[in-house]
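Structural overview
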Amino acid sequence: MSTFMEHNRQASASPMASRGRGRKQAKKGVQLTVMVVGTSGTGRTTFVNTLCESNVLDHAAPVDPKMAHLEPGIQIKPITVELEEEGVRVALTVVDTPGFGDNIDNERCFSEILNYIEIQYDHILAEESRIKRNPRFKDLRVHACLYFIPPTGHALREIDIELMRRLSPRVNVIPVIGKSDTLTMTELSDFKQRIMEDIEYYGIPVYNFPYDEEEDDEETIVENSELRNLLPFALVGSEEDIMINGEAIRGRRYPWGIVEVDNDEHCDFLRLRQALLTYENYRTERLSRAVSGNVGPNNHDIVPPEEIAAQSARLKEDHLRREEEKLRELEMKHQRELMMRQQELAAREASLRALETRLGE
Ligand SMILES: Nc1nc2c(ncn2[C@@H]2O[C@H](COP(=O)(O)OP(=O)(O)O)[C@@H](O)[C@H]2O)c(=O)[nH]1
Ligand SMILES: [Mg+2]
């Protein structure tokens, strides 16, 4: 199997090779990394399990009230599965991130996510500057970041705007609506429209399936404009198979009927899945250009590599400082506890001595 790096170089050498879905994809398989970000409870974990076609992730256990005052902290654990799309093997790595709202301090949660994205750039810059390449090096740069918007039916919230705005220059952000089956068809289409109006109004450079009317072939133009019109993708996830006429269907059962995951009439899951799994080349090229500093058309607001490296150094410093603070707090807590224990012990000793004296008497 070819390494992702080889694939990368091919794509950069010939920009046109990347156009057209899947056509030029090597039969030997591709590697793709997708990150999911959003508020807690928007269906991220369920989506990951739906996309990976198995329950690779556990749902967060309910919070123990006794522990509710503690920040749950952050765990970013990528998982990799093998899928197939249009006859091409795809090694899909999914990175589920902690949900906003689980932590009181969203800022910290956010910088952990940015940190994760940028460390992958550090790794690749370091690998590229090595004299002898490591053949087992795994490129885990994030190709696409799905931003889960909760299905409120209102408009984007300040936190959505803020997060998408800060993520977009560093990674291809694709906005999606989680649990979209909770909205009616009219509510959903109005909500989609309002979201895109907000994204435009605030100038958020989300990934909009770029195409060039003059340069691209007909097929690419049609496909990309269709995908662009679907933004933000309406998603439904399910970890359950429902039998309909002897056929197992992934869906959600309601008293009034069944919502099917793999049905274009019910949600945009299939179209997003296909777009994600077949656009690999395009994105790698876009991101590797960002790394080499050669920014082409449509690549608005891409952060140059020096800036990414500087940013990531800053983030690491922040991270270290916070870790230090945490350690200091912990140490103080332990000291306080120790003092309390010592006092308790002293009190007990005193009462023991009093008892002894009384017994002696
Ligand atoms: N109606 C509906 N509920 C969903 C959907 N996906 C997940 N859920 C439910 O929403 C709750 C939170 O889902 P989860 O995937 O854990 O969200 P996360 O916190 O973003 O990871 C669970 O009860 C899920 O069963 C969906 O597409 N539609
Ligand atoms: Mg979750």
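Refer to the preceding data block for the structure.
Computed from a predicted structure; not experimentally measured. (Residues numbered from 1 in each chain as written. Chains lettered and ligands numbered in written order. Predicted model: local features only at pLDDT ≥ 70, side-chain atom pairs only at ≥ 80, totals over all residues. Heavy atoms only, no water.)

This part is about the overall build of the protein chain. Of regular secondary structure, the protein chain possesses nine helices and nine strands. Going through the 361 residues of the protein chain one by one, you find that 46% of them count as buried. Contacts spanning at least 24 positions in sequence make up 71% of the contacts within the protein chain whose residues lie at least 6 apart. When the accessible surface of the protein chain is split by element, carbon and sulfur atoms take 52% of a total near 19900 Å². (Helix = DSSP H or I, 4+ residues; strand = E, 2+ residues; numbered from the N terminus. Buried < 20%, exposed > 50% of the residue type's maximum accessible area, 1.4 Å probe, protein only. Contact = heavy atoms within 4.5 Å. Areas by Shrake-Rupley, 256 points an atom, 1.4 Å probe, with all protein chains shown as cover.)

All told, the structure shown has 13 salt bridges when counted by the stated rule. We note a salt bridge from arginine 44 to aspartate 96, for which the minimum N-O separation is 3.4 Å. Of this pair, arginine 44 sits in helix H2 (residues 44-52) while aspartate 96 sits in strand E3 (residues 88-96), placing them 52 residues apart in sequence. The two residues arginine 44 and aspartate 96 agree in class, both being buried. (Salt bridge = Lys/Arg side-chain N within 4 Å of Asp/Glu carboxyl O.)

Our focus in this paragraph is the packing of H2 against helix H7 (residues 269-278). Axis separation between H2 and H7 bottoms out at 12 Å; the angle between their running directions is 65 degrees. For the element pair H2 / H7, the angle class is roughly perpendicular. Remark: the crossing between H2 and H7 carries right-handed chirality. When H2 is examined against H7, the residues Phe47, Thr50 and Leu51 are found in contact with a partner set consisting of Phe269, Leu272, Arg273 and Leu276. Here the contact of H2 with H7 is composed, by residue class, of five nonpolar, one polar and one charged. (Axes fitted to C-alpha atoms, helices over the stretch in contact; angles between N-to-C directions. Parallel < 35°, antiparallel > 145°, perpendicular 65-115°, else oblique. Left-handed = near helix turned anticlockwise from the far one by under 90°. Nonpolar A, V, L, I, M, F, W, Y, C, P; charged D, E, K, R; others polar.)

In the sheet, strand E7 (residues 241-244) pairs with strand E8 (residues 247-254) via four bridges, with the strands oriented antiparallel. Its bridge partner being in E8, isoleucine 244 is matched across the sheet by glutamate 247. Counting the residues that bridge the hairpin from E7 to E8 gives two residues, and of these asparagine 245 lies at a positive phi of roughly 50 degrees. Where E8 lies against strand E9 (residues 257-260), four bridges are found, and the strand directions are antiparallel. Across the sheet, the residue bridging to glycine 251 is glutamate 260, located in E9. The hairpin formed by E8 and E9 contains two residues between the paired strands. (Pairing = 2+ DSSP bridges.)

The full set close to ligand 1 counts 16 residues, and Gly41, Thr45, Thr46, His59 and Asp181 are the nearest of them. A distance of 2.7 Å is found between an oxygen atom of ligand 1 and a backbone nitrogen or oxygen belonging to glycine 41. If ligand 1 stood free it would expose 580 Å²; the protein chains cover 75% of that surface. Breaking the shell around ligand 1 down by element, the ones donating at least two residues are H2 and E8. A total of three residues in the shell around ligand 1 trace back to one element, the largest contributor, which is H2. (Near = heavy atom within 4 Å. Polar contact = N/O pair within 3.5 Å; in protein donor to acceptor, adjacent residues only side chain to side chain.)

The tally for this structure, following the rule as stated, stands at six aromatic pairs. Note on phenylalanine 47 and phenylalanine 269: the rings are 6.0 Å apart at their centroids and 70 degrees apart in plane angle, and the pair reads as edge-to-face. Taken as a pair, phenylalanine 47 in helix H2 and phenylalanine 269 in helix H7 lie far apart in primary sequence, 222 residues in all. Per residue, the accessibility class of phenylalanine 47 equals that of phenylalanine 269, and both read buried. Aromatic pair tyrosine 254 and tryptophan 256: ring centres 5.1 Å apart, planes at 10 degrees, arrangement stacked. Look at tyrosine 254 and you get partly exposed, because its relative accessible area is 25%. The exposed category is assigned to tryptophan 256, whose relative accessible area is 70%. What links up through ring pairs into an aromatic cluster is the set Phe47, Phe148 and Phe269. (Phe/Tyr/Trp six-rings, centres within 6.5 Å; stacked < 30°, edge-to-face > 60°.)

Before going further, it helps to examine the packing of helix H3 (residues 106-128) against helix H4 (residues 158-167). One way to put it is that H3 packs onto H4 with a least axis distance of 11 Å and a crossing angle of 25 degrees. On the basis of their axis angle, the class for H3 and H4 is roughly parallel. Like other packed secondary-structure pairs, H3 and H4 cross with a definite hand, here right-handed. On the side of H3, the interface is formed by Asn106, Glu107, Phe110, Ile113, Leu114 and Ile117, while H4 contributes Ile159, Leu163, Arg166 and Leu167.

By themselves, these are just geometric observations and shouldn't be taken as functional.
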